[in-house]
Amino acid sequence: MSEKVFDSEKQVTSFKCPSCSKGYIVLFKTIYDLPDKDKMLIIKFECNNCGFYTNDIIPLTTRMDPGLMILTVSNENDLKSKIYRSPTGKLEISELDLKVDPGPSADFYYTNVEGILFRFEQAVEIYHNSLDDNHPEKSEMRETLEDLQKAMKGQLEFTLKITDPTGGSYIIPEDSSKYTFIKI
Ligand SMILES: [Zn+2]
């Protein structure tokens, strides 16, 4: 392969490392120029403490502009759609009462739809188990858990929305016909 580095950028984030939770994640963005004229953005996330790292390759046509990103999820394939919520992005799934508010101390949130549901399921389960059996919220939490489990099998249709007024968040849909981007 004769691809060449086109541009490179390094950025220290306020995301705590998901592996050691002491270090911070450093983002390396590199644009590669492929021989077939396509450009690819390679993002490497690396911890400045323990050496944990992960890579992602994104076609440069992916939009990272400020706006509202809407993804309809109705089958297992859609769950593989990639999601990156930047610290200024707000993520919502209203059918599941799921909301992640923007904030610089927000968790590292680079994953896919399944990863978001899994994380949320763990949080709901902990809360559910902490409630007394006669607590009024207990049955509500159990219903949410059941819905989440259906959603994780692709058996419950829902809409995932990210609102990002400064840009940087993105969704890479598995099925682009289910994805809408609205400029704000
Ligand atoms: Zn680390």
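Structure shown above.
Residues numbered from 1 in each chain as written. Predicted model: local features only at pLDDT ≥ 70, side-chain atom pairs only at ≥ 80, totals over all residues.

**Here we look at the sheet that holds strand β6 (residues 82–84)**
Part 1: Strands sit in the order β9-β6-β11 across an open sheet of 3 strands; the sheet is antiparallel. One side of each edge strand has no neighbouring strand; the edge strands of this open sheet are β9 (110–112) and β11 (170–172). Between one strand axis and the next, the sheet turns through 15° on average, direction left out of account.
Part 2: In terms of strand pairing, β6 meets β9 through 3 bridges, oriented antiparallel. Directly across from I83, in β9, lies its bridge partner T111. (Pairing = 2+ DSSP bridges. Helix = DSSP H or I, 4+ residues; strand = E, 2+ residues; numbered from the N terminus. Axes fitted to C-alpha atoms, helices over the stretch in contact; angles between N-to-C directions.)

**Here's the deal with the sheet that holds strand β7 (residues 90–93)**
Part 1: Spatially, the 5 strands line up as an open sheet ordered β8-β7-β10-β5-β12, and their pairing is antiparallel. Edge positions in the open sheet fall to β8 (98–100) and β12 (179–183), since each of these has one partner strand only. Neighbouring strand axes in the sheet, compared pairwise and without regard to direction, differ in orientation by 10° on average.
Part 2: Two elements, strand β5 (residues 67–73) and β12, share 5 bridges in a ladder whose sense is antiparallel. Paired with G67 across the bridge in β12 is K183.

**A closer look at the pairing of strand β3 (residues 39–47)**
Part 1: As defined by bridge partners, strand β2 (residues 24–33) adjoins β3 across 9 bridges and the pair is classed as antiparallel. Across the sheet, residue K29 finds its bridge partner in β3, namely I43.
Part 2: Strand direction decides the pairing type here: β3 and strand β4 (residues 53–59), joined by 7 bridges, are antiparallel. The partner of F45 across the bridge, within β4, is T54.
Part 3: Between β3 and the antiparallel strand that follows it, β4, lie 5 residues; G51 among them carries a positive phi value of about 90°.

**Regarding the environment of D164**
Part 1: With respect to the helices, strands and loops of the structure, D164 is situated in strand β10 (residues 158–164).
Part 2: D164 sits in the buried class, given 24 other C-beta atoms within 10 Å.
Part 3: Along the sequence, D164 and G89 sit 75 residues apart, while their C-alpha atoms lie 4.3 Å from each other. (Buried ≥ 20, exposed ≤ 12 C-beta atoms within 10 Å, placed from the backbone.)

**Examining unusual backbone geometry**
Part 1: Of note in the backbone geometry, S21 takes a positive phi value of approximately 50° without being a glycine.
Part 2: Along the chain, the position of S21 falls in the loop between β1 (4–16) and β2.
Part 3: Taking the C-beta count within 10 Å as the criterion, S21 has 11 such neighbours and is therefore assigned exposed.
Part 4: Of note, the phi angle at D97 is positive, near 55°, even though the residue is not glycine.
Part 5: Positionally, D97 belongs in the loop between β7 and β8.
Part 6: Since 14 C-beta atoms lie within 10 Å of it, D97 is described here as partly exposed.

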